[in-house]
Amino acid sequence: MQSSLFQAARQVTKHNGRTFLGSMQTCGYATHDDVDLVVIGSGPGGYVGAIKASQLGMKTVCIEKNATLGGTCLNVGCIPSKALLNNSHYFHMAKSGDLANRGIECGDVKLNLEKMMGEKTKAVGALTGGIKMLFKGNKVTHLEGHGKITGPNQVSVLGPDGEVTEVVNTKNIMIATGSEVTPFPGIDVDEETIVSSTGALSLKEVPEKMIIIGAGVIGVELGSVWARLGTQVTAVEFMGHVGGMGIDMDISKQFQRIMTKQGLKFKLNTKVTAAKKEGGKITVTVESVKDGKVENMEADVLLVCVGRRPYTQGLGLEELGIEMDNRGRVPVNSRFQSVLPNVYAIGDCIAGPMLAHKAEDEGIIAAEGMVGGPVHIDYNCVPSVVYTHPEVAWVGKSEEDLKSEGVEYVVGKFPFAANSRAKCNNDTDGLVKILGDKKTDRLLGAHIIGPGAGEIINEAVLAMEYGASCEDIARVCHAHPTCSEAFREANLAAWSGKAINNM
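Residues numbered from 1 in each chain as written. Predicted model: local features only at pLDDT ≥ 70, side-chain atom pairs only at ≥ 80, totals over all residues. Heavy atoms only, no water.

Q: Would you mind going over the pairing of strand β10 (residues 232-236) in detail, with residue names and values included?
A: Within a regular strand, the side chains alternate between the two sheet faces. The buried fraction of β10 is high, at four of five residues. Two strands pair when backbone bridges link them, and strand β9 (residues 209-213) and β10 are joined in this way by five bridges, in the parallel orientation. Bridging across to β10, lysine 209 finds its partner in glutamine 232. For the crossover that starts at β9, traverses helix α9 (residues 217-228) and ends in the parallel β10, the hand is right-handed. For β10 and strand β11 (residues 265-267), the ladder comprises three bridges, and the chain directions are parallel. Opposite valine 236, over in β11, you have lysine 267 as the bridge partner. A crossover connection joins β10 to the parallel β11 through helix α10 (residues 249-261); in handedness this β-α-β unit is right-handed. (Buried < 20%, exposed > 50% of the residue type's maximum accessible area, 1.4 Å probe, protein only. Helix = DSSP H or I, 4+ residues; strand = E, 2+ residues; numbered from the N terminus. Pairing = 2+ DSSP bridges. Right-handed = clockwise from strand over helix to strand, strands pointing away.)

Put into structure tokens, the structure is as follows:
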């Protein structure tokens with residue numbers, strides 16, 4: 001329902017060449033009519049969905065509350081963390097003597113943290129600015145402010161003071177507001193010494209000791225960055241494994257072993273009960289889940305990485321009759337429609353893994369559905385990647401999944417220590433693990449820890465999308481020497497029982 005003010009505005013006829021609505025614009029309001037789609041949020045799902053909608057002929061507006069486009073991913077998430085992971089790895093190779101062992105002698109290696117952070121900022125700036133150019137090239141209108149739905153066909157843009165600055169009347173609305181850091185009860189984040197992932201990406205100096213609450217994907221990635229730069233890192237994890245939900249336990253064990261070898265320490269089956277600042281240090285109290293043993297730990301920086309929660313507050317959803325589920329997510333049908341058919345939601349604010357590429361696919365598919373296209377996504381074929389070194393990646397079912405579902409399966413493994421390219425690069429940690437259906441040979445899951453795992457996993461995704469068997473993959477010619485040959489060999493082992501280049 002449109003606000004009574006704007007309903008009245010539409011009923012006023014022109015007077016001296018101006019409408020009442022036009023006089024409102026002179027008072028600080030701008031209006032946008034005849035819009036086909038308003039996207040709230042410009043993260044990976046929102047900006048991609050907006051561009052796709054415009055390419056399909058829809059008049060599209062994208063509203064973003066932050067000064068730069070790209071959402072969490074580009075500004076304080078995926079992109080800056082990968083920049084730091086990449087450059088800290090180079091530093092570690094030089095500092096640890098790895099480069100010297102390869103015949104590259106660097107002398108006294110020093111860290112310029114300010115410059116490293118500057119390179120991260122440059123990458124972020126280039127990519128967020130790139131979205132602005134993409135919007136311009138694809139005729140997507142960008143409005144800055146907090147988008148609030150004020151009617152089934154209306155979105156208002158609020159300024160920093162909460163006042164309405166613009167109103168958009170639209171046929172469809174796409175909620176792509178993403179997620180925010182989940183707070184830890186009793187621990188206040190100041191983004192200086194007690195930090196979330198956002199603060200951990202911008203520390204002014206390398207801390208001597210860091211404690212991380214959570215050994216999931218984000219915790220281990222950021223812990224890896226600071227461990228390479230010289231910090232003593234300890235990750236405290238409630239669960240009994242590292243790598244978060246979905247990771248295969250075989251891979252998780254290898255992952256923990258390799259990260260421990262790189263200097264990270266893990267306290268598993270342990271919960272944090274309190275944290276307080278004392279004399280420039282942070283004292284963290286932890287308790288064993290198994291025996292209740294309590295221990296105090298000290299650190300210079302505490303990083304809180306206990307997950308993310310949907311950003312769905314203050315959007316006007318409740319007023320429209322759109323109720324959240326018990327996790328604050330927007331319930332949607334298979335076409336990403338809420339209880340109001342013209343109000344869609346995608347990405348982190350609906351059910352499913354909180355991954356940028358999942359949100360991108362949903363944004364595209366939802367836009368295509370609005371113009372009558374087919375809507376389909378197979379969430380079993382959405383890959384996950386941990387960008388440590390070595391990388392960890394997986395797609396499909398884990399061995400634990402198949403056991404719990406009662407599915408008969410076969411396992412094929414191939415170590416990177418037996419891969420010629422990995423040997424050439426002296427980068428042989430890890431393996432490829434393939435799970436195939438025992439009766440049909442269909443590829444059910446792929447799990448990789450090793451060099452380039454985040455790239456190789458996409459071959460598995462493509463194979464699964466097309467219902468390939470392990471034999472299909474084993475019979476596809478792979479370039480030599482490449483790390484992807486390990487993927488072929490693992491599929492060969494799953495299908496025939498034996499790889500070629502491993503005993």
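Q: Any chance you could break down the packing of aromatic side chains for me, citing the residues and the numbers?
A: Inspection of every chain in the model, using the stated rule, returns zero aromatic pairs. Across from the ring centre of tyrosine 311, 5.1 Å away, lies the NZ or CZ of lysine 65, which sits over that ring. (Phe/Tyr/Trp six-rings, centres within 6.5 Å; stacked < 30°, edge-to-face > 60°. Lys NZ or Arg CZ within 6 Å of the ring centre and 35° of its normal.)

Q: So what's going on with the nonpolar core? Residues and values would help.
A: Val38, Phe135, Ile149, Ile175 and Phe336 are the most contacted members of the largest nonpolar core, which totals 46 residues. Apart from the residues lying within four places of it in its own chain, the contact partners of isoleucine 175 are Ile40, Ile149, Leu315, Leu317, Val343, Tyr344, Ala345, Ile346 and Cys349. In terms of nonpolar packing, the next biggest core, distinct from the first, is built from 42 residues, Ala227, Ile258, Val386 and Trp394 among them. (Core = buried A, V, L, I, M, F, W, Y, C linked by side-chain atoms within 4.5 Å. Contact = heavy atoms within 4.5 Å.)

Q: Can you break down α10 residue by residue, with the values?
A: An ideal rise of 1.5 Å per residue puts 18 Å on 13 residues; α10 measures up with 18 Å between its terminal C-alpha atoms. Buried within α10 are the following residues: Ile251, Ser252, Phe255, Ile258 and Met259. Within α10, the buried residues cover an arc of 130 degrees as seen down the axis, which keeps them to one side. Pointing more than 90 degrees away from the buried face of α10 are the exposed residues Lys253 and Lys261. The opening residue of α10, the one whose side-chain oxygen lies 3.0 Å from the backbone nitrogen of aspartate 250, is aspartate 248. Positive phi shows up at glycine 263, right after α10, with a value of about 115 degrees. (Expected span 1.5 Å × (residues − 1). Arc of directions from axis to C-beta. Polar contact = N/O pair within 3.5 Å; in protein donor to acceptor, adjacent residues only side chain to side chain.)

Q: Talk me through helix α7 (residues 113-137); I want residue IDs and the actual numbers.
A: The terminal C-alpha atoms of α7, which comprises 25 residues, lie 36 Å apart, in line with the 36 Å expected from a rise of 1.5 Å per residue. Restricting attention to buried positions, one finds in α7 the residues Leu113, Met116, Met117, Lys120, Val124, Thr128, Ile131 and Phe135. Contact partners of the buried residues in α7: α3 (44-55), β2 (60-64), α4 (71-76), α5 (78-95), β3 (141-144) and α9. Where α7 ends, the next residue or the one after it, lysine 139, has phi of about 60 degrees, a positive value.

Q: So what's going on with the pattern of salt bridges? Which residues, and what values?
A: Where charged atoms of side chains with opposite charge meet at close range, the side chains can pair. Counted by the stated rule, this structure contains 20 salt bridges. Aspartate 250 is the partner of lysine 413 in a salt bridge, and the nearest nitrogen-oxygen pair spans 2.8 Å. You can see lysine 413 sitting in strand β20 (residues 409-415) and its partner aspartate 250 sitting in helix α10, a full 163 residues away along the chain. The class of lysine 413 is partly exposed, set by a relative accessible area of 40%. Each of Asp248, Asp250, Glu399, Lys413 and Lys433 takes part in salt bridges that share partners, so that together they form one network. (Salt bridge = Lys/Arg side-chain N within 4 Å of Asp/Glu carboxyl O.)

Q: Account for the pairing of strand β4 (residues 146-151), with residues named and values stated.
A: Alignment of β4 against strand β5 (residues 154-158), held across five bridges, turns out to be antiparallel. Paired with glycine 147 across the two strands is valine 157, which belongs to β5. Hairpin geometry of β4 and β5 is characterised by an intervening segment of two residues between the two adjacent antiparallel strands.

Q: Please provide a residue-by-residue account of the packing of α5 against α7, values included.
A: Packing of α5 against α7 brings their axes to within 9 Å, and their N-to-C directions diverge by 145 degrees. Along this stretch, α5 crosses α7, giving a crossing that reads as right-handed. Side by side, α5 and α7 meet where Ile79, Pro80, Ala83, Leu84, Asn87, Ser88 and Phe91 of the first sit next to Met116, Met117, Glu119, Lys120, Val124 and Leu127 of the second. Residue classes in the contact of α5 with α7 are distributed as nine nonpolar, two polar and two charged. (Axes fitted to C-alpha atoms, helices over the stretch in contact; angles between N-to-C directions. Left-handed = near helix turned anticlockwise from the far one by under 90°. Nonpolar A, V, L, I, M, F, W, Y, C, P; charged D, E, K, R; others polar.)

Q: If you had to explain the sheet that holds strand β12 (residues 270-278) to someone new, which residues and values would you point to?
A: One open sheet holds the three strands; their spatial order is β12-β13-β14, and the pairing between them is antiparallel. Edge positions in the sheet fall to β12 and β14 (294-299), since each has one partner strand and no second. Each neighbouring strand pair of the sheet contributes to a mean axis angle of 25 degrees, computed without reference to strand direction. With six bridges connecting them, strand β13 (residues 281-288) and β14 associate as antiparallel partners. If you follow glutamate 287 over to β14, its bridge partner there is valine 294.

Q: Could you give me a rundown of the side chain of threonine 231, with the residues and numbers involved?
A: One can find threonine 231 in the loop between α9 and β10. Under the relative-accessibility criterion, threonine 231 is labelled buried at 5%. In this structure the side chain of threonine 231 is engaged in a polar contact, spanning 2.7 Å, whose partner is the backbone oxygen of proline 207. When sequence neighbours within four positions are dropped, the list of residues in contact with threonine 231 reads Val206, Pro207, Glu208, Lys209, Met210 and Trp226.

Q: Give a detailed account of the packing of α3 against helix α12 (residues 356-370), specifying residues and quantitative values.
A: Between α3 and α12, whose axes approach to 7 Å, the crossing angle comes to 30 degrees. Between α3 and α12, the angle is such that the two are roughly parallel. For the element pair α3 and α12, the recorded crossing hand is right-handed. Contact residues: Pro44, Gly45, Val48, Gly49, Lys52 and Ala53 in α3; Ala356, Ala359, Glu360, Gly363, Ile364, Ala367 and Glu368 in α12. (Parallel < 35°, antiparallel > 145°, perpendicular 65-115°, else oblique.)

Q: Tell me about the confidence of the model for the chain, and please be specific about residues and values.
A: Here the chain averages 94 in pLDDT, and 94% of its residues register 70 or above. This model gives residues 1-27 a pLDDT under 50, and the stretch forms 31 contacts once residues within four places in sequence are excluded. (pLDDT = per-residue confidence, 0-100.)

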